Amino acid sequence: MAVAETIKSIAQAPAEEYYLPGHRTCAGCGPALAYRLIAKAAGKNTIFIGPTGCMYVANTSYACGPWAVPWTHAQITNGGAVASGIEAAFKMMIKKGKIKDEFPNIIVMAGDGGAIDIGLQAASAMMYRGHDVLFVMYDNESYANTGIQTSPSTPYGATTMFTPAGPEIPEAKKFFPKDPMAIFCGGGHPEVKYGATASVAYPVDLMNKVRKGLAYEGPAFLHVQCPCPKGWTFPADKTVEVGKLAVETGMWFIYEIENGVKKFNIMPKKLKPVEEYLQTQGRFSHLQPEHVAKLQAWVNAKAQFLGAEVTLPPVQ
Ligand SMILES: Cc1ncc(C[n+]2csc(CCOP(=O)(O)OP(=O)(O)O)c2C)c(N)n1
Ligand code: SF4
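Now for a description of the structure that goes with this document. (Residues numbered from 1 in each chain as written. Chains lettered and ligands numbered in written order. Predicted model: local features only at pLDDT ≥ 70, side-chain atom pairs only at ≥ 80, totals over all residues. Heavy atoms only, no water.)

Let's shift gears to the pairing of strand β1 (residues 46-51). Buried residues dominate β1, accounting for six of its six residues. Neither face of β1 is open: one carries T46, F48 and G50, the other I47, I49 and P51, and all of them are buried. With four bridges joining them, β1 and strand β3 (residues 105-111) adopt parallel strand pairing. In the sheet register, F48 faces β3, and the bridge partner there is I107. Of the pairings in the sheet, the one linking β1 to strand β2 (residues 71-74) comprises four bridges and is parallel in character. Considered in β2, the bridge of I49 is made with T72. Taking the sense of rotation as the criterion, the β-α-β connection linking β1, helix α2 (residues 54-60) and β2 turns out right-handed. (Buried < 20%, exposed > 50% of the residue type's maximum accessible area, 1.4 Å probe, protein only. Helix = DSSP H or I, 4+ residues; strand = E, 2+ residues; numbered from the N terminus. Pairing = 2+ DSSP bridges. Right-handed = clockwise from strand over helix to strand, strands pointing away.)

See below:
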């Protein structure tokens, strides 16, 4: 696909919108903002695949949709497979001269459930076969559309409908999240030459990663943290602030892996204590000091695992 130029600043971002006003997402919805930025960066010659989740249901309720480009629904189980079929069809039709179209940007917009839980098999197979598709995991850290239930991306210590805090399990969720970049990138799937994390709180970095992923021939993966005011319980006007605090505390690391080489894109010199992030969200309000310490230890271990050069807060 055509290589689009790097966006240097918000002011220089394209004015055109391909995700338009008019959808039933919550006020302050992080994933809706991600969709808008991704559509803006990808541009006109794009096809979106929407596995079931908030970014299907909330956007299309009822019998309408905000996209100014083609979009199709997929099952939550098979976003990767539907995208594979679309890619193969375009390649073959262009090769046989049946259509004169330019090969399109093909983008899956999967929630965390649709990417690394119930949709993982199809995503992995698509990447393994090397289809020229950008697979985006818009991560609101729960199965949100069904009423906020735990997913493998939900952080340790978060309350969801399926992980309430109680006397048996006072920290609510007791497992730590899966690591999608470790699953898909850095050799896990040999055809994936580009994988990155991003956040709606850093829109220029996000848009450029969309373009970089699309410019690669073959599969690319983009894991976008998208704060969800409803699921995480914070005020609707704090979405960007919460996203920034995630990066400033190390609850979210922003980096890319290009041809096996890792690079951090937005990294503070010193991480703030994780507690500053936890305090902003009702889903963590039950946590005791020992749980906070466990999360801090996890952040610090992750920083070391990723090789981040950053000063870490002490584990209290
Ligand atoms: C096979 C199947 N199982 C369960 C469901 C019910 N379901 C609809 S939306 C949804 C949540 C999707 O979660 P996620 O992929 O994280 O996206 P989000 O809603 O958080 O945006 C589920 C489980 C379904 N549609 N299909
Ligand atoms: S529940 Fe979360 S992801 Fe779903 S529409 Fe509301 S803010 Fe967006």
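With that settled, the discussion passes to the packing of helix α1 (residues 30-42) against helix α7 (residues 203-215). Direction vectors running N to C along α1 and α7 enclose 50 degrees, while the axes themselves pass 9 Å from each other. With respect to each other, α1 and α7 are oriented oblique. In this structure, α1 crosses over α7, and the sense of that crossing is right-handed. For the pair α1 and α7, contact is made by L37, I38, K40, A41 and A42 and by P203, L206, M207, V210, R211 and L214, respectively. (Axes fitted to C-alpha atoms, helices over the stretch in contact; angles between N-to-C directions. Parallel < 35°, antiparallel > 145°, perpendicular 65-115°, else oblique. Left-handed = near helix turned anticlockwise from the far one by under 90°. Contact = heavy atoms within 4.5 Å.)

A few words now on the site of ligand 1. What surrounds ligand 1 is a group of 17 residues, the closest being G113, G114, Y138, A144 and N145. Within the backbone of S142, an N or O atom sits 2.9 Å from an oxygen atom of ligand 1. Here N145 contributes a backbone N or O atom positioned 2.9 Å from an oxygen atom of ligand 1. Here ligand 1 loses 75% of its free accessible area of 590 Å² to cover by the protein chains. Take the shell around ligand 1: its biggest share by element is three residues, from helix α4 (residues 112-117). Residue classes in the shell around ligand 1 are distributed as six nonpolar, 10 polar and one charged. (Near = heavy atom within 4 Å. Polar contact = N/O pair within 3.5 Å; in protein donor to acceptor, adjacent residues only side chain to side chain. Areas by Shrake-Rupley, 256 points an atom, 1.4 Å probe, with all protein chains shown as cover. Nonpolar A, V, L, I, M, F, W, Y, C, P; charged D, E, K, R; others polar.)

Attention now goes to the pairing of strand β5 (residues 194-199). In terms of residue burial, β5 counts as a mostly covered element, since six of its six residues are buried. By the alternation rule, side chains of β5 split into Y194, A196 and A198 and G195, T197 and S199, which are all buried. Relative to strand β6 (residues 220-225), β5 is paired through six bridges, and the arrangement is parallel. By the bridge assignment, G195 is partnered in β6 with F221. Since β5 and β6 lie parallel, the crossover through α7 that links them has a hand, and here it is right-handed. Summarising the sheet, β5 and strand β7 (residues 254-258) pair through three bridges and their orientation is antiparallel. Along β7, the bridge assignment pairs A196 with E256.

It is worth spelling out the sheet that holds strand β8 (residues 261-266) at this point. An order of β2-β1-β3-β4-β6-β5-β7-β8 is seen for the eight strands of this open sheet, with the pairing classed as mixed. The sheet is open, and its two borders are formed by β2 and β8, each paired with just one other strand. Averaged over all adjacent pairs, the angle separating strand axes in this sheet is 20 degrees, with direction ignored. Strand contacts of α7: β3, β4 (134-139), β5, β6, β7 and β8, with the helix running at about 160 degrees to β5, the strand carrying the most contacts.

Remember that the coordinates give geometry; whether it matters functionally is a separate question.
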